[in-house]
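Summary of structural features
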Amino acid sequence: MTTRDTVILIERLIELTQNKIISWNISNFYPSLSSMENHDTIFSADHLNQKLRVYKYFYRHYIDEDTYHLLEGFRLETFDQFNNTLFRFPETNNIKNLLDAVMYQKSNIEDFYAKLMG
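Residues numbered from 1 in each chain as written. Predicted model: local features only at pLDDT ≥ 70, side-chain atom pairs only at ≥ 80, totals over all residues. Heavy atoms only, no water.

Summed over the entire model, instances satisfying the criterion amount to four aromatic pairs. Ring centres 6.4 Å apart and planes at 65° place the aromatic pair Tyr55 and Tyr57 in the edge-to-face group. Take Tyr55 and Tyr57: they sit in the same class, and that class is buried. Considering the side-chain rings of Tyr62 and Tyr68, the 5.2 Å spacing of their centres and the 55° angle between planes classify their relative orientation as tilted. (Phe/Tyr/Trp six-rings, centres within 6.5 Å; stacked < 30°, edge-to-face > 60°. Buried < 20%, exposed > 50% of the residue type's maximum accessible area, 1.4 Å probe, protein only.)

Turning our eyes to something else, we now look at the environment of Lys96. With respect to the helices and strands, the residue Lys96 is situated in helix 2 (residues 94-107). Sequence separation between Lys96 and Arg75 is 21 residues, and the spatial gap between their C-alpha atoms is 8.3 Å. (Helix = DSSP H or I, 4+ residues; strand = E, 2+ residues; numbered from the N terminus.)

Relative to the elements of secondary structure, Ile21 occurs in the loop between helix 1 (3-18) and strand 1 (25-26). Distance in space between the C-alpha atoms of Ile21 and His47 is 9.2 Å, their sequence separation being 26 residues. Not counting residues within four places of it along the chain, the set of residues in contact with Ile21 comprises Leu16 and His47. (Contact = heavy atoms within 4.5 Å.)

Let's shift gears to the side chain of Arg75. Positionally, Arg75 belongs in strand 4 (residues 68-79). Take Arg75: its relative accessible area is 6%, and that puts it in the buried class.

Attention now goes to the confidence of the model for the protein. When the pLDDT values of the protein are averaged, the result is 92; 100% of them are 70 or greater. Considering each helix and strand of the protein separately, the mean pLDDT is smallest for helix 3 (residues 109-117), with a value of 88, and largest for helix 1, with 97. (pLDDT = per-residue confidence, 0-100.)

Formed by 18 residues in total, the largest nonpolar core has its most connected members in Trp24, Val54, Leu76 and Leu98. Those elements that place two or more of their residues in this core are helix 1, strand 2 (37-47), strand 3 (50-62), strand 4 and helix 2. With five residues, helix 2 is the single largest residue contributor to this core. When residues no more than four places from it in sequence are discounted, the contact partners of Val54 are Trp24, Thr41, Ile42, Phe43, Arg75, Leu76, Ile95, Leu98, Leu99 and Val102. (Core = buried A, V, L, I, M, F, W, Y, C linked by side-chain atoms within 4.5 Å.)

The first and last C-alpha atoms of helix 2 sit 20 Å apart over 14 residues, in line with the 20 Å expected at 1.5 Å per residue. Three or more residues of helix 2 are buried, namely Asn94, Ile95, Leu98, Leu99, Ala101, Val102 and Gln105. Seen along its axis, helix 2 keeps its buried residues to an arc of 160°; they face one direction. Looking at the buried side of helix 2, the elements it contacts are helix 1, strand 2, strand 3 and strand 4. Looking at the residues trailing helix 2, positive phi occurs at Asn108, about 55°. (Expected span 1.5 Å × (residues − 1). Arc of directions from axis to C-beta.)

Here it is in structure tokens:
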């Protein structure tokens, strides 16, 4: 799978999420991360017999031995029923866009806006 293929696949997942064909949930299945990484909220979905999860993670970027900055990245993975990561898609810029679409879906902000505005 090339980076171009990954970008196209993620664009399709964004479209399916925005059209509510894929429904995402906050997940209790946490990925295995190195001791230098932390994650934010994990979202998962089942689509076409694949378990997907998308999340933002933070990692340390060391400037020298004792000084580092926390940087963020975004991951899309498939996983099995035992929470083992099966495949990690290459990091592309549009994984953040997918996560944004998922968070928008889960926030129910459209209903909130409609109720607030009458």
